[in-house]
Structures are given as C-alpha cells and as structure tokens.
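Spelled out, the chains give:
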Amino acid sequence: MKMEATVPQAGGRKPAKEWTLPVEGMTCASCVSRVEKAILKVPGVERATVNIATERANVTTDSSVVADALVEAVKRAGYEVPQSSTSLNVGGMTCASCVSRVEKALLRVAGVTDAVVNLATETATVRGFAVREDALVAAVSKAGYEASLHNNEAKQAPLPRRDREMLAVLVCALLTLPLAAPMAAQWFSLHVMLPPSVQLVLATIVQFAFGGRFYKAAYKAVLARAGNMDLLVALGTSAAYGLSVYELMAHPGETGHLYFESAAIVIALVRFGKWLEVRAKRKTAEAIRALNALRPETARVRANGEENDIPLSQVRVDDSVVVRPGERIPVDGVILEGQSDIDESLITGESLPVSKGAGDAVVTGSIVAHGYLAVRTTAVGADTMLSRIIRLVESAQAEKAPIQRLVDKVSAVFVPAILGIALLAFFGWLAVGGSAEIALLNAVAVLVIACPCSLGLATPTAIMAGTGVAAQHGILIKDAEALELAHRMNVVAFDKTGTLTEGKPSLVIFEPAHVSRNEALRLAASVQQASEHPLARAVVAEAQREGVAPSSVADVTALPGHGIEATVDERQLVIGSDRWLGGRAVEVPSELQQAAEEAQASGLTVSWLIETNPESRVLALMAFGDAIKDTARHAIGALSEMGVRTVLLTGDNWGSAQRVAKELGIDEVHAELLPEDKANTVAALRKAGAVVGMVGDGINDAPALAAADVGIAMSTGTDVAMHAAGVTLMRGDPSLVADAIDISRKTYRKIRQNLFWAFVYNVVGVPLAAFGVLSPVVAGAAMAFSSVSVVSNALLLRTWKPQAGRSASGTVEIGAVQEEKARGALATPH
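Computed from a prediction, not measured in an experiment: that's the story for all the values here.

Undergrad: Tell me about the overall build of the protein, and please be specific about residues and values.
TA: What the protein contains, in helices and strands, is 28 helices and 30 strands. Long-range contacts, defined as pairs at least 24 residues apart, comprise 68% of the intrachain contacts of the protein with a sequence gap of at least 6. Working note: accessible area of the protein is about 36,300 Å², and carbon and sulfur atoms make up 57% of it.

Undergrad: So what's going on with helix H14 (residues 436-449)? Which residues, and what values?
TA: For H14, which comprises 14 residues, the first-to-last C-alpha distance of 20 Å matches the rise-based estimate of 20 Å (1.5 Å per residue) to within 8%. Across the 14 residues that make up H14, a large majority, ten, are buried. The set of residues buried in H14 consists of Ala439, Leu441, Asn442, Ala443, Val444, Ala445, Val446, Leu447, Val448 and Ile449.

Undergrad: Could you give me a rundown of the sheet that holds strand E22 (residues 563-568), with the residues and numbers involved?
TA: One open sheet holds the six strands; their spatial order is E20-E25-E24-E23-E22-E21, and the pairing between them is antiparallel. Only two strands of the sheet have a single neighbouring strand rather than two, namely strand E20 (501-512) and strand E21 (554-559). Put simply, the sheet's adjacent strands are angled 20° from each other on average, direction ignored. Of the pairings in the sheet, the one linking strand E24 (residues 605-611) to strand E25 (residues 617-628) comprises seven bridges and is antiparallel in character. Its bridge partner lying in E25, Trp608 is registered against Leu621. Strands in contact with helix H22 (residues 654-664) are E20 and E25; relative to E25, the strand with the most contacts, it is inclined by about 70°.

Undergrad: Could you give me a rundown of the pattern of salt bridges, with the residues and numbers involved?
TA: For the coordinates displayed, the defined rule picks out 21 salt bridges. The shortest N-O distance in the salt bridge between Arg300 and Glu327 comes to 3.0 Å. Here Arg300 is found in strand E9 (residues 298-303), whereas its partner Glu327 is found in the loop between strand E11 (320-323) and strand E12 (332-337), with 27 residues between them in sequence. Linking Arg324 and Glu307 is a salt bridge whose minimum nitrogen-to-oxygen distance equals 3.4 Å.

Undergrad: Give me the lowdown on the sheet that holds strand E16 (residues 367-368), citing residues and values where you can.
TA: Across the sheet, which stays open at both edges, the three strands sit in the order E14-E13-E16 with antiparallel pairing between neighbours. Both edges of this open sheet fall to strand E14 (354-356) and E16, since each of them pairs with a single strand only. Pairing geometry for strand E13 (residues 340-343) and E16, over two bridges, is antiparallel. Across the sheet, the residue bridging to Ile342 is Val368, located in E16.

Undergrad: Describe the environment of Leu523, with residues and values.
TA: Mapped onto the elements, Leu523 comes out in helix H17 (residues 517-528). Taking C-alpha positions, Leu523 is 9.9 Å from Ala543, a pair spaced 20 residues apart along the chain. Ignoring sequence-local partners within four residues, the contact set of Leu523 consists of Val568, Arg571, Leu573, Leu609 and Leu619.

Undergrad: Lay out a nonpolar patch on the surface with the relevant residues and their values.
TA: On the surface, a nonpolar cluster with roughly 500 Å² of combined accessible area is contributed by Val763, Val764, Leu768, Phe771 and Val773. The residue Leu768 is located in helix H26 (residues 736-770) in this model. On the basis of relative accessible area, Leu768 is assigned to the partly exposed category, the value being 33%.

Undergrad: Lay out the pairing of strand E19 (residues 491-495) with the relevant residues and their values.
TA: Burial of E19 is extensive: five of the five residues sit out of reach of the surface. Side chains of E19 alternate between two faces, with Val491, Ala493 and Asp495 and Val492 and Phe494 buried alike. When E19 meets strand E26 (residues 645-649), the two strands line up parallel, connected through five bridges. Bridge pairing in E26 links Phe494 to Leu648. Pairing geometry for E19 and strand E28 (residues 692-696), over four bridges, is parallel. Its bridge partner being in E28, Ala493 is matched across the sheet by Met694.

Undergrad: Just give me the short version of the pairing of E13, but keep the residues and values in it.
TA: Residues Ser340 and Ile342 point to one face of E13 and Asp341 and Asp343 to the other, with burial holding for every one of them. Pairing of E13 with E14, which is carried by three bridges, proceeds in the antiparallel orientation. Bridge pairing links Ser340 to Lys356 in E14.

Undergrad: Could you give me a rundown of the nonpolar core, with the residues and numbers involved?
TA: Within the largest apolar cluster, 125 residues are counted, with the highest numbers of intra-cluster contacts made by Met93, Leu106, Ile475, Val492 and Val737. When residues in this core are grouped by element, the largest group, 14 residues, is from H26. For Ile475, the contacting residues outside a window of four places in its chain are Ala470, Val727, Thr728, Leu729, Leu736, Asp739, Ala740 and Trp800. If you look at the next biggest cluster of nonpolar residues, it comprises 26 residues, including Ala38, Val50, Val81 and Ala110.

Undergrad: Any chance you could break down the side chain of Asn442 for me, citing the residues and the numbers?
TA: Inspection of the secondary structure assignment puts Asn442 in helix H14. Setting aside chain neighbours within four positions, we find Asn442 in contact with Trp429, Ala769, Ala770 and Gly772.

Undergrad: Tell me about the confidence of the model for the protein, residues and numbers included.
TA: Residues with a pLDDT of 70 or more make up 83% of the protein, whose mean pLDDT is 79. Between residues 1-12, whose pLDDT stays under 50, and residues either more than four places distant or in other chains, the model counts 35 contacts. Across residues 806-830 the pLDDT falls below 50, and counting only partners more than four positions away or on other chains, this stretch makes 47 contacts in the model.

Undergrad: Go over the packing of aromatic side chains, please, and point to the residues and values.
TA: All told, the structure shown has five aromatic pairs when counted by the stated rule. Between Phe756 and Trp757, the ring centres sit 5.2 Å apart and the planes meet at 75°, which makes this aromatic pair edge-to-face. Note on Phe756: relative accessible area 47%, which makes it partly exposed. Chaining the aromatic ring pairs together yields one cluster made of Phe208, Tyr215, Tyr241 and Phe260.

Undergrad: Account for unusual backbone geometry, naming residues and giving values.
TA: In this structure, Asp555 is a non-glycine residue whose phi angle is positive, near 55°. Relative to the helices and strands, Asp555 resides in strand E21. Judged by its relative accessible area of 60%, Asp555 is exposed. Here the phi dihedral of Glu672 falls at roughly 55°; this positive angle occurs in a residue that is not glycine. In this fold, Glu672 is placed in the loop between strand E27 (668-670) and helix H23 (675-687).

Undergrad: Outline the packing of H14 against H26, listing residues and values.
TA: A pair of packed helices can be characterised by two numbers: the angle between their axes and the separation between those axes. Axis separation between H14 and H26 bottoms out at 8 Å; the angle between their running directions is 165°. It follows from the interaxial angle that H14 and H26 lie roughly antiparallel. Handedness of the crossing formed by H14 with H26: right-handed. On H26, the residues that touch Asn442, Ala445, Val446 and Ile449 of H14 are Tyr761, Asn762, Gly765, Val766, Ala769 and Ala770. Its residues assigned to classes, the contact of H14 with H26 comprises seven nonpolar, three polar and no charged.

Undergrad: Before we move on, can you summarise helix H6 (residues 196-210) with the specific residues and values?
TA: With 15 residues, H6 extends 20 Å between its outermost C-alpha atoms, agreeing within 8% with the 21 Å of an ideal straight helix rising 1.5 Å per residue. For H6, the full list of buried residues reads Gln199, Leu202, Ala203, Val206, Gln207 and Phe210. Projected down its long axis, H6 carries its buried residues within an arc of 130°, all on one side.

Undergrad: So what about the environment of Ala683? Which residues, and what values?
TA: Looking at where Ala683 falls in the secondary structure, it is placed in helix H23. With a relative accessible area of 38%, Ala683 lands in the partly exposed category.

Undergrad: A description of the environment of Ala690 should follow, citing residues and the corresponding values.
TA: Within the fold, Ala690 resides in the loop between H23 and E28. Assessed through its relative accessible area of 13%, Ala690 is described here as buried. Apart from the residues lying within four places of it in its own chain, the contact partners of Ala690 are Asn490, Val491, Leu685 and Asp709.

Here is what the cut-offs are and how they apply
- Residues numbered from 1 in each chain as written.
- Predicted model: local features only at pLDDT ≥ 70, side-chain atom pairs only at ≥ 80, totals over all residues.
- Heavy atoms only, no water.
- Helix = DSSP H or I, 4+ residues; strand = E, 2+ residues; numbered from the N terminus.
- Contact = heavy atoms within 4.5 Å.
- Areas by Shrake-Rupley, 256 points an atom, 1.4 Å probe, with all protein chains shown as cover.
- Expected span 1.5 Å × (residues − 1).
- Buried < 20%, exposed > 50% of the residue type's maximum accessible area, 1.4 Å probe, protein only.
- Pairing = 2+ DSSP bridges.
- Axes fitted to C-alpha atoms, helices over the stretch in contact; angles between N-to-C directions.
- Salt bridge = Lys/Arg side-chain N within 4 Å of Asp/Glu carboxyl O.
- Patch = residues over 30% accessible without salt bridge, like charges linked within 9 Å, V, L, I, M, F, W, Y side chains within 5 Å.
- Core = buried A, V, L, I, M, F, W, Y, C linked by side-chain atoms within 4.5 Å.
- pLDDT = per-residue confidence, 0-100.
- Phe/Tyr/Trp six-rings, centres within 6.5 Å; stacked < 30°, edge-to-face > 60°.
- Parallel < 35°, antiparallel > 145°, perpendicular 65-115°, else oblique.
- Left-handed = near helix turned anticlockwise from the far one by under 90°.
- Nonpolar A, V, L, I, M, F, W, Y, C, P; charged D, E, K, R; others polar.
- Arc of directions from axis to C-beta.

See the structure below:
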C-alpha cells in the first residue's frame, strides 16, 4: 500500500491521507462497487475510488486510519491485497539498539506491515502492500543509517574495504601504543611518560580521526531520540579525553596523571573488536557465498550445429546446453545426450556421484565427472533449484527466532538504563567523598563496558551458522521459527509411501515350489519382461539384482484383471492373481498357502507362477509390497535414541501399515487416513501436549505438514509438500530427520549460551565498573571481547557433522583448492 500524501485540513479536522491500494480478484463492475462500499465502511475513510483496469483503489482518509484496516476491509469483501517483500542492505548498525531503531523507522513507512532487521547479515526484510523502495531507503537514511536494495552480490563485502578497515585498526594501534606503553611500564616499576603536548596530539588524532565514526553515529542517534553502542563509546571516551584536556589547561606545566591513554585505548580496542567481529560474521555466511560461487557465469549453447559460449543471463528455456568433463552444469535441465557420473553434493549433501543418462534431470552447479552431455534447459537464473535453495537459506538467516523478542525488549531500554547507571555512579562516588576524576572514570567505565553488541549478535549469528551448515548437508531450514521449534520436537509423524518406503512396488516374498529359486525366478522374469505393469517390472528388477537372465518368450497373452500367460522353453506358464487361481483346480502346497495368507494379512499383493502344461502346478508364490527404504530403520532407531516418539500416518490399509511399523519399530500407527484425517491426527497429538514434526512427500501430506509444529518435506516429493513445510530434506533419506533435530538442538543451545553470556557479562560487568573495580581500559577490552566471543561461539556450529544420516562426508566443499581437487578427481575416466 502506498500513501501518496498528507493534506492539511481546515476547521480542526485531522489531516487527510491519500492511499493507493492494489486489489486482486476483481472481474466486473459489481466487484468495483463491492470493494468501494467495503472500504467506505471503515471509520475515517472519506472517499474511495476503485479502477478495475489498474486494479488499484485510491482512498482518502483522515490520519487515524491505518493500513491494516483498509486491507482487512478488502479481504472481507472477498478480494486480496497482494503483499510484497523487499530486502535491503543496511550499513552502520552496531548493536541491538540500532536494529530496533531501523525496524521502527521501516514500520512507519506507509504500507509496511512487517520489518525484520538482522544485525549479523546487515539486512532488512520488509513486507507490505505496494511499498515504495525509495521510501524504505529514505526511512533508513533518516534514522541515521545507510541503505540500498539487496542483491546476492552485495552480500559479499569487497575485500579492499576490509583491507582499509584493517589498515585503520593498525594505524590506530600504532598511535595508541606510545600512550599505552608508559602505563604498561609501571607494572615493571619503570616510570616513563610522554610530554603532555605529545600525549595531546596523539590522543586527539585517535579521538577524532579514528573515533569520528562513533561521533557521527551517536549524533544521528541523538537526532532520532534513541541510543546505541556508539553513543555510549562517544560519551565515555569524550569524558576521559575532556577530563585530560581540562587537567592539561588547568594545571599547565604539571605532570599529573592524564587519561588520554584510556580514551585512546578504548577506541583502538573497540575498532579492533569490530574488525574481528566483521571477519567472524562473514564466516557465518560462508555457506551462502559458497553456493553463490557454484553458479557458472557462462554456458555453452548449441544451435544450428554450432557451439558458442554466451553469458548465462542470455540462456533461455529449451536451449541445448553442452557440458564437458570437469565442468559445472550452468542450468537446470534434462539430459538429451550422453551419460556421466554427476556430483550433486551441493544440492543433496551426498558426496557420492550419481550416474545419469538421457532423460534424467540435472541441476545447476553439479559437476560432470566424465563424458559429454547435452542438456535441454528447463530453468535458468532465479528459477533454478540452486537459486531457490539460496533464497531459502537467506530467508531463514534473515528471520528472527521467537527467543529474539526478549532481546528486543531488553535492547529497547538498555542504553537509557546504562546512561542512568553511569550518572548514578558519577554522583554516587561524589556523594561518598570520591574525587571528580575517580567519579568520572568509573562513569566512563560503565558507559564503555555496557556494549549491547553481544546481545544483538547472539541469536542471528547462531542461526546463520546453524542453517548454513545444515544446508551444506542437505537439510534446508526455511525459517528461524522452524529451527527453534525443532529442538523441542518430541513426536515425529511419518507418512509411509515414498517417505519410509520406496514408493513403488517390489518383490518382497518369492517362495519357489517343485523347482529351484533361480529357475522359478528365470521363468517368472521371462513371462513379465514384455509387460509394463509395475508388478512385472518388480519381478524383472529382482531377477536383474540376483543375476538371473530371462529367456525368450512366445505367445504372450494378457488376462485382464487376472494376470498374463506365455510360453517359455515350450512350457505354458501363467502369472495369475488369487482370483485366477481360485477358478482353477490347481493344488497349492500348504506351506505356500500359509505364507500367502500371512502376506495378504500384512497388506502385500499376492500372485502365483503356475505351469499349466503338461500338468497344472504352482511353481512359486510372489508377494509384492512397497519396499522399506534401507535408511528407514536407521532413522527410527536414531530418533528413539534421541527420546523422540514415532508415529505412522498413512492412507494405506492396516495390514500394510502394521507390517512397516512392526519392521521399523514405530510406536503408534494410524492407517486408512484421508489427507484431512492426517491433519486432524497431527492436531490431536499437538493438543495432547506434544511438539510434533510431520514428515511427508506428497500433495496429500500438505495439510498435515501445515498442521504440525514443524513440517518436514522430502525434496523427492512434490513442490506442494515443500511449500507447506518448514524444513526440506534434499535427499529422500528419512534418517536426515534425526540430523535436522540434532542441528536445531545444537543451534538453539548456542543461542542460549550466547544470550546467557551476553546478559551475565552486562549484569556482572556494569556493577563492577560502577564500583570502580574495572578501569575504562579493562572495560573497553572486555566489551570488545564479549562481541567476538559470542560470534566465535556461534562459529563452532560450522564443525557439525550429521550423525544419523548416511552422508556424514557429504559436505559442500568451499574454496578454489577444494573445487580444483573435486574437478581433478571427477575428471578421471571411469
């Protein structure tokens, strides 16, 4: 929504506001009338004009009307107001107070409904209705910060800027060293002191040349009637510097103690701490930068018999792209020609290359091991799987975890409270007979040590590191709320088909009679090799797996609803159902009959291999079912060890559900469920007090995924399921569920550790400074250490490895050295 103008009104009326509101879903003149009437019913609305051609509503209101009221009116009328999302880069933020100021400034922009600012990524995500981007940038600038529209490239801070910052820190340290050296020399009973005039010159350069950034930021904070870390540092160092200048002017020629070194050392330490903090924060975002680096800049397109390298931005859907050994695939597509082992570790986290040929799908950034591929493009640029993954991880890293709300509340009153404590310390020391110098120095120590940086960084740095390393191992966490809820998950509900099972029939039981197993399997595969039926393919696949070659077949005839008959080696054979067998006088061995009844009771589909000439006899019992995934047992076992209860929710019959649950050791079974039944069962589990995760892969799982505390979708399933889920597993491996819970628990543990130390640091440090135990120099060092320690603690998450999943080694390798190593290994002919 866009507010065009605020118009002064005569006669004491509230100023009028002009709104432009986008409206979707209108189809005719009656729709226009309906929307206009709905808007005019909102108290404070003076005029409403709706244009169906532009799909816009122009509304005049008094100043009491807010955006949400207009939006709600349109929705009640049965139409939608499209909401957009805009990302900004925000520069100049130093602490949690800055985050709060920027969010408040953005929320005041007309049409903005939500604004989330992340200190660690230095980004803002703004949601609203027809929000003007220039208005957002202007609002941030007015609040005293730098803003620009966000793009992926902007996230990678240019190295020269970092080098300049490091150079500034070094020069600042060199100028501070002569001031600090005499203080250090006193520890060794050496009394050396620079002339006061030299101290003044050095301290002045440090104070205003290298501390100038604190003054600028503090000035902007004061204009905005807010406080931040820069204000505390500027006030504290200015007090120490000003006291020293006063002493120098009041007592010229005397060599009494000056406090230039305290101000200079604090500025040097804070600058050094911020530099370390920026370096550490960049490491938390390495996963995103690594994924961005995997996108080739050019593609080799084949057209009219020629191959030409063109910029990736010029590649279009359906173009034929050629990829050679050792190269990265630049687009999402389908292989037209060629065969190769392809490394897809960046997408799936699986380190082993996957063999692919004509008709198989490939994704951007995968490495071709050997061979020459021609790929038909199905997606480029922002539509590729890699781009979607990057956006998903960025979204998770930009979001605030619910626990951050506590930090926001504290930071809103933090700086004013510290200023009050500093004043109390100053006047308190004067009241108990302390000198003005001592009182001022202790007040300075309070201002300097109370840096809210660590509070602001505690949560986002841990979330960035946790979601980043999870993405490297094939676990995509959509938002911070899913990450925070997952650590409390104590019940995981699984869909069966395609999640715990392969999702296609396989030959589960094969019991021969009268002939050997190999002979019976050869005959069965021979009959079925010409059929495209899923059960037939399962028989042929089993024969191939066991190395049994089928024989030639003749006189193949389908028996609709009953099976198939054929001649193999002059033997007349039928593969028939129970229905076919029931109408024939064929004796079934008792042990096979019992096995068939047990198989049917467990939900398996039974077929028989029967020889009809020269005499009718059963040669084999075949029972088909959806085979359980190899990793499913591991998955359920890992969850059990973590204290998580497992539940099976399936639309399949009870017999099939009980078979899978019994084999895997699942605690609770619900079968023959419709999609809404699955969602209701999940809701019932939540109502009973459980924190529920739902794992599924199909469209029918989407309602249950949405109903769960945390929905977990398999990427091997449908897009609908992935959209409804908070976590996406990039492989169809259910054991990744335990890994997702593990990384969420470890990340949340880091968040709590960081917040604990950030709070304790201030709770302990501020009183010590107020009571004179800590000097401003020690306070400055402690302040710098607090922020760096919080970020460093979060960075420990980068060492996390999956424990339950099969792909403990399947990490996206980062950096040129690893990429060259991967290229060399994969380019070796197989």
